[in-house]
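The residues making up each chain are set out below.
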Amino acid sequence: MRPTQVQKHELPHRSRIYSDLSGFYDHVFTHVFSRRIERVVQGLKIPPGARVLEVGIGTGLSLDAYPAHARVTGIDLSQEMLDRADSKRDPKRHAHIKLRQMDGLDMDFPADYFDFVTAFHVVTVVPQPAKLIEEMTRVCKPDGQVVIINHFSSPRPAIRKVVNLVDPITRKLGWSTKLSLDDCINGAPLSLENRYKTSPWSLFTVVEARK
Ligand SMILES: C[S@@+](CC[C@H](N)C(=O)[O-])C[C@H]1O[C@@H](n2cnc3c(N)ncnc32)[C@H](O)[C@@H]1O
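Described below are features of the structure shown in this document. Computed from a predicted structure; not experimentally measured.

### Topic: the pattern of salt bridges
Right, on to step 1. Under the counting rule described, the total for this entry stands at seven salt bridges.
Right, on to step 2. Of the charged contacts in the structure, one is a salt bridge between Asp64 and Arg93, with a shortest N-O distance of 2.8 Å. In this pair, Asp64 is assigned in the loop between strand 1 (51–55) and strand 2 (71–76) and Arg93 in the loop between helix 2 (79–88) and strand 3 (97–101), connecting sequence segments 29 residues apart.
Right, on to step 3. Where Asp108 meets Arg100, a salt bridge forms, and the shortest distance between an N and an O atom there is 3.2 Å.
Right, on to step 4. With relative accessibility at 7%, the residue Asp108 sits in the buried group.
Right, on to step 5. We classify Arg100 as partly exposed; its relative accessible area is 25%.

### As for the site of the ligand
Right, on to step 1. Taken together, the neighbourhood of the ligand is formed by 22 residues, with Tyr25, Gly56, Asp76, Phe120 and His121 sitting nearest.
Right, on to step 2. Note that a nitrogen atom of the ligand is positioned 2.8 Å from one of the backbone N or O atoms of Gly104.
Right, on to step 3. The backbone of Phe120 places a nitrogen or oxygen atom 2.7 Å from a nitrogen atom of the ligand.
Right, on to step 4. For the ligand, whose accessible area on its own is 600 Å², the fraction buried by protein is 98%.
Right, on to step 5. Tallying contributions element by element places helix 1 (residues 13–43) first for the shell around the ligand, with five residues.
Right, on to step 6. Within the shell around the ligand, the residues separate by chemical class into 13 nonpolar, six polar and three charged.

### Some points on the packing of aromatic side chains
Right, on to step 1. Applying the stated criterion across every chain yields a total of three aromatic pairs.
Right, on to step 2. Ring geometry for Phe33 against Phe204: centres 5.6 Å apart, planes inclined by 90 degrees, an arrangement best described as edge-to-face. Taken as a pair, Phe33 in helix 1 and Phe204 in the loop between strand 6 (191–196) and strand 7 (205–210) lie far apart in primary sequence, 171 residues in all.
Right, on to step 3. For the ring pair Tyr113 and Phe114, a centre distance of 4.9 Å and an interplane angle of 85 degrees mean the geometry is edge-to-face.
Right, on to step 4. Owing to a relative accessible area of 25%, Tyr113 belongs among the partly exposed residues under this scheme.

### Structural notes on the sheet that holds strand 5 (residues 140–150)
Right, on to step 1. Read from one edge of the open sheet, seven strands run 3-2-1-4-5-7-6, paired in mixed fashion. Edge positions in the sheet fall to strand 3 and strand 6, since each of these pairs with one other strand and no more. Sheet twist, expressed as the average angle between the axes of neighbouring strands with direction ignored, equals 15 degrees.
Right, on to step 2. In the sheet, strand 1 pairs with strand 4 (residues 114–120) via four bridges, with the strands oriented parallel. Each residue of the ladder has a partner; that of Glu54, found in strand 4, is Thr118.
Right, on to step 3. Contacting strand 2 and strand 3, helix 2 runs over the sheet at an angle of about 160 degrees to strand 3.
Right, on to step 4. This element, helix 3 (residues 129–139), spans strand 1, strand 4 and strand 5 of the sheet and lies at about 145 degrees to strand 5.

Thresholds applied
- Residues numbered from 1 in each chain as written.
- Predicted model: local features only at pLDDT ≥ 70, side-chain atom pairs only at ≥ 80, totals over all residues.
- Heavy atoms only, no water.
- Salt bridge = Lys/Arg side-chain N within 4 Å of Asp/Glu carboxyl O.
- Helix = DSSP H or I, 4+ residues; strand = E, 2+ residues; numbered from the N terminus.
- Buried < 20%, exposed > 50% of the residue type's maximum accessible area, 1.4 Å probe, protein only.
- Near = heavy atom within 4 Å.
- Polar contact = N/O pair within 3.5 Å; in protein donor to acceptor, adjacent residues only side chain to side chain.
- Areas by Shrake-Rupley, 256 points an atom, 1.4 Å probe, with all protein chains shown as cover.
- Nonpolar A, V, L, I, M, F, W, Y, C, P; charged D, E, K, R; others polar.
- Phe/Tyr/Trp six-rings, centres within 6.5 Å; stacked < 30°, edge-to-face > 60°.
- Pairing = 2+ DSSP bridges.
- Axes fitted to C-alpha atoms, helices over the stretch in contact; angles between N-to-C directions.
- Contact = heavy atoms within 4.5 Å.

Pasting the structure below:
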């Protein structure tokens with residue numbers, strides 16, 4: 001595998017934000033995101049020995065969610081986010097989890113390698129969401145699962161209109177509210193198996209798709 005070392009000044013805008021805010025991230029998002037991530041990962045019933053890739057693992061809010069019998073790799077473009085994840089890693093409890101700096105848009109893994117490829121709150125943060133899902137699909141084994149938690153634009157026009165009003169603000173914070181799931185999946189060879197919200201008022205959708 002070729003080494004991937006991205007210099008801080010080269011990071012695209014959207015990841016720079018996370019690098020700059022890595023110290024602040026957990027204070028804001030631990031309570032908002034952790035429980036949902038845990039619920040979704042537990043629902044996958046990951047079998048012993050399964051290879052799991054999490055793209056954009058950030059500060060490691062998911063570290064406790066993955067079963068110890070899985071072999072998990074977490075990647076992120078931001079070294080600062082990964083450093084925070086690493087500082088939370090317990091050598092015994094998280095021995096099954098490796099962290100690497102890597103661009104999810106151009107991953108350094110062979111095709112058809114992982115049984116599960118996950119991305120939580122990442123897809124609309126990257127500049128090319130469809131390319132990210134294409135790349136996640138590439139490294140996923142045939143019959144493996146691609147699992148995403150993300151905000152996607154609502155199919156209901158009234159809700160879409162209201163949410164789109166805040167898009168110029170959220171873009172400054174690094175993500176878009178305007179993308180639909182179809183925009184993102186855009187021809188990737190995946191069959192959608194499950195699409196749900198963990199609560200009726202949640203802004204986030206859970207998507208489970210099979211390659
Ligand atoms: C909103 S945070 C989500 C972090 C974590 N998944 C969570 O749920 O708390 C988005 C993460 O995506 C990472 N990211 C942005 N662009 C990326 C890319 N091209 N490849 C890998 N990670 C990326 C950011 O550095 C950041 O850690």
